[in-house]
Amino acid sequence: MSVAAPEEGAAGQVRVFAQYDGDVRERCDVVVVGSGPCGSVMAYELAAAGLDVVLLEEGPPYTPDDFALDGATSMVRTMRESGLRATRGTLLTTMQANVLGGGSVVNSAICARPPEFVFEAWRSNFDLEHTGREALDPHYDAVADFLGIAPTPDDVQGDRNLLFRQGCDALGISSEPIARNVRGCVGSGECFTGCRARAKQSMDLSYVPAAIRAGARVLTSVQVQEVRAQGRRVTGVAGQIVAPFTGKPGARFEVEARAVVLAAGVMATPVILQKSGNLANGSGQVGRNLQFHPGTATIGVFPDPVQPYFGATQGYQSLHYLRDGFKLETLWAPPGVFGVRMPGFGHDLKRRLAELSRASIFDAIASCHNSTGEVRARRGRSMNPSLRWRFDPQDVQVLGHASWVLAELLFAAGAHKVLPGIHGVAEEMHSLDEARVLQTREFAAGDFVNASTHAFCSTRMHGDPSQGVVDEFGRCHDLDNLWLADTGIFPRCTSVNPMFTGMALAHRSAGVVKEAL
Ligand SMILES: Cc1cc2nc3c(=O)[nH]c(=O)nc-3n(C[C@H](O)[C@H](O)[C@H](O)COP(=O)(O)OP(=O)(O)OC[C@H]3O[C@@H](n4cnc5c(N)ncnc54)[C@H](O)[C@@H]3O)c2cc1C
Ligand code: SF4
């Protein structure tokens, strides 16, 4: 195995597909499944404590040469089901990455701590005694120090982010630069397709190399298909080596361990448990309670060039309406990805795409506690989930309210027209008066282009073992040495972007795993 300098990330330091020449057998103290934000924090903390750790990841490692700037190509290469994974019931598309570093490689690096009222609702509804903002702050702090999380400075905001601040100021609502896990961001707006500047502190550049330096072994292109158990104890995991991009199965592997941490993500962890003989499911809650932050994005077209290609991908936010159920942010992605939301075709579509250089896009993500769904394993060998989700009519109105506020905000920032991207209303609105229909309309779930990259609760924590899969430290109620550590363990949504909370909880749970071994 070759060893790269730490600043080059983990790519040269991990076992990759081409290096396997037969079945693989490993033995360790703790095997961690999934190298996303939650699994990587776990792997590093446990290795740094002197435990023998093996970190398993199904996806390959990426270097800047592997990043495709074109949105569609990038999605095919970095995301499960080409980034088009969708729920049945109410249609909603959702994205989960399949690379070393998980979602952190393709996300916007937004690190947000939920306010205490979010945790108050967690504690009182789910019998969680120790999970509040004050209790978690030391864990957020530790992760923030490690990753250099800091508010986005003005010099890399670019016009499209600063227009958001201008709009909020004009409306008299609070706003703030987004805190992100970046070091030396140059404002290229490329977070979605991978940071070629190596500024984003995605896990493959931060926690994974640190875990390796602390002694962890990292195997990529390995798909965990089963957790093995005897009575109340797990003994390890097993699965298959899979080729990058095609998923073509190769040799088998197994890892024997004193403890297992599943951090394969909100969609994959329940599938692995279900395929392991319905493990850890005494409560019947594995795969249930799935929640999202459905979002809506509004395009504002300004009289002068905005040059949206420059600026932090998402640089400004407002928590003003958080108690009303939504968070406001700026948004950027490759134009081809926005093209899906643009109305019209042919000449009309071409004209609108040409206007992107004068456009700024603001979005809202909604807390939708009434809208829940389910993750189920499919029959056969596929590890892709079957998803069902229903958008509750009450929650739909929250998104409707948000769409009105987004239009207000864009006009207040100086836009001369807005494109709300909602079915059943005008494609373009040229004044606040025209947009007022968004304030009064009774919306239906199908009016929105439902999409969400924030998902949680599929293996929720609950103080009562008959109501939840894990306790508040991530330990399975049914098994003594199996921990779950991805956003699936949230009891309900965070109301703000989930990654930072997932990492803080993983940081806290790592302490409990260490104690137990
Ligand atoms: C485009 C996009 C933008 C986003 N922007 C933000 C943002 O700015 N801020 C924020 O807070 N959140 C954001 N999110 C959400 C955030 O990235 C996720 O909430 C976060 O990555 C979840 O971390 P995790 O560790 O729970 O799971 P994941 O990041 O999904 O990691 C799970 C890992 O497990 C691996 N895995 C899955 N199954 C198996 C298996 N069977 N065997 C082995 N390995 C397996 C996966 O390949 C993956 O690497 C965004 C998400 C996307 C897709
Ligand atoms: S905006 Fe560009 S430079 Fe900054 S973190 Fe994102 S991809 Fe990297």
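What you see is a predicted model, and the numbers here were worked out from it, not measured in a lab. (Residues numbered from 1 in each chain as written. Chains lettered and ligands numbered in written order. Predicted model: local features only at pLDDT ≥ 70, side-chain atom pairs only at ≥ 80, totals over all residues.)

1. With respect to the domain arrangement of the protein
If you check the domain split of the protein, you get domain 1 (1-78 + 97-109 + 112-148 + 218-289 + 456-517) and domain 2 (79-96 + 151-197 + 291-455). Put simply, the middle of domain 1 and the middle of domain 2, counted by C-alpha atoms, are 27 Å apart. Between domain 1 and domain 2, the contact holds 48 residues from the first and 38 residues from the second. Where the side of domain 1 that touches domain 2 is concerned, the elements lending two or more residues are α2 (71-78), β10 (222-230) and α7 (268-275). (Domains from an automatic or database assignment. Contact = placed C-beta atoms within 7 Å. Helix = DSSP H or I, 4+ residues; strand = E, 2+ residues; numbered from the N terminus.)

2. Some words on the packing of helix α4 (residues 133-147) against helix α13 (residues 499-516)
α13 packs onto α4 with a crossing angle of 105° between their chain directions and a minimal axis gap of 8 Å. Comparing their axes, α13 and α4 come out roughly perpendicular. When α4 is examined against α13, the residues Leu-136, His-139, Tyr-140, Ala-142 and Val-143 are found in contact with a partner set consisting of Phe-500, Met-503, Ala-504, His-507 and Arg-508. Considered class by class, the residues forming the contact of α4 with α13 number 7 nonpolar, 2 polar and 1 charged. (Axes fitted to C-alpha atoms, helices over the stretch in contact; angles between N-to-C directions. Parallel < 35°, antiparallel > 145°, perpendicular 65-115°, else oblique. Nonpolar A, V, L, I, M, F, W, Y, C, P; charged D, E, K, R; others polar.)

3. Focus on the pairing of strand β14 (residues 295-301)
Summarising burial for β14: 7 of the 7 residues are buried, a large majority. Alternating positions in β14 separate into two faces, Gly-295, Ala-297, Ile-299 and Val-301 on one and Thr-296, Thr-298 and Gly-300 on the other, with burial throughout. Here β14 runs beside strand β17 (residues 359-366); their pairing, made up of 7 bridges, is antiparallel. Each bridged residue has a counterpart across the sheet, and for Val-301 the counterpart in β17 is Ala-359. Taken together, the 3 bridges between β14 and strand β20 (residues 417-419) define a ladder with antiparallel strand orientation. Paired with Gly-300 across the two strands is Val-418, which belongs to β20. (Buried ≥ 20, exposed ≤ 12 C-beta atoms within 10 Å, placed from the backbone. Pairing = 2+ DSSP bridges.)

4. Overview of the site of ligand 1
The environment of ligand 1 is formed by 41 residues, the closest being Gly-34, Gly-36, Gly-102, Gly-103 and Asp-486. Among the elements of the structure, α1 (37-48), β10, α7 and α13 are those that each provide at least two residues to the shell around ligand 1. Of the residues in the shell around ligand 1, the class split is 19 nonpolar, 19 polar and 3 charged. (Near = placed C-beta within 6 Å.)

5. Here we look at the environment of Arg-217
One can find Arg-217 in strand β9 (residues 217-219). Sequence separation of Arg-217 and Leu-162 is 55 residues, and the distance between their C-alpha atoms is 43 Å. Non-local contacts of Arg-217, meaning those with residues more than four positions away in its chain, are made with Glu-26 and Val-54.

6. Re the site of ligand 2
Not every one of the 15 residues close to ligand 2 is listed here, only the nearest: Cys-185, Ser-188, Cys-191, Cys-195 and Lys-200. Counted by class, the shell around ligand 2 contains 9 nonpolar, 4 polar and 2 charged residues.

7. A look at the sheet that holds strand β18 (residues 373-377)
Taken in spatial order, the 3 strands line up as β4-β19-β18 in an open sheet, and their pairing is mixed. The two strands at the open ends of the sheet, each matched to only one other strand, are β4 (88-89) and β18.

8. Notes on the nonpolar core
Core analysis: the biggest nonpolar cluster contains 155 residues, and Val-30, Val-31, Met-42, Val-53, Ala-211 and Val-261 have the highest contact counts within it. Top contributing element to this core by residue count: helix α10 (residues 393-412), with 10 residues. The residues that make up this core include at least three from each of domain 1 (1-78 + 97-109 + 112-148 + 218-289 + 456-517) and domain 2 (79-96 + 151-197 + 291-455). Residues within four places of Val-261 in sequence aside, it is in contact with Val-30, Val-32, Val-33, Gly-39, Met-42, Trp-483, Ala-485 and Val-513. (Core = buried A, V, L, I, M, F, W, Y, C linked by C-beta atoms within 7 Å.)

9. Structural notes on the pairing of β10
Inspection of the sheet shows β10 paired to strand β11 (residues 233-242) by 8 bridges, in the antiparallel sense. Within β11, the residue paired with Gln-230 across the bridge is Arg-233. The turn linking β10 back onto β11 is made up of 2 residues, and Gly-231 within it adopts a positive phi angle of 60°.

10. Observations regarding the sheet that holds strand β3 (residues 85-86)
On the basis of which strands lie adjacent, the open sheet formed by 3 strands has the order β3-β5-β21 and mixed pairing. Two strands close off the open sheet at either side, each with one partner strand: β3 and β21 (451-452). When strand β5 (residues 93-94) meets β21, the two strands line up parallel, connected through 2 bridges. Bridge pairing in β21 places Thr-93 opposite Ala-451.

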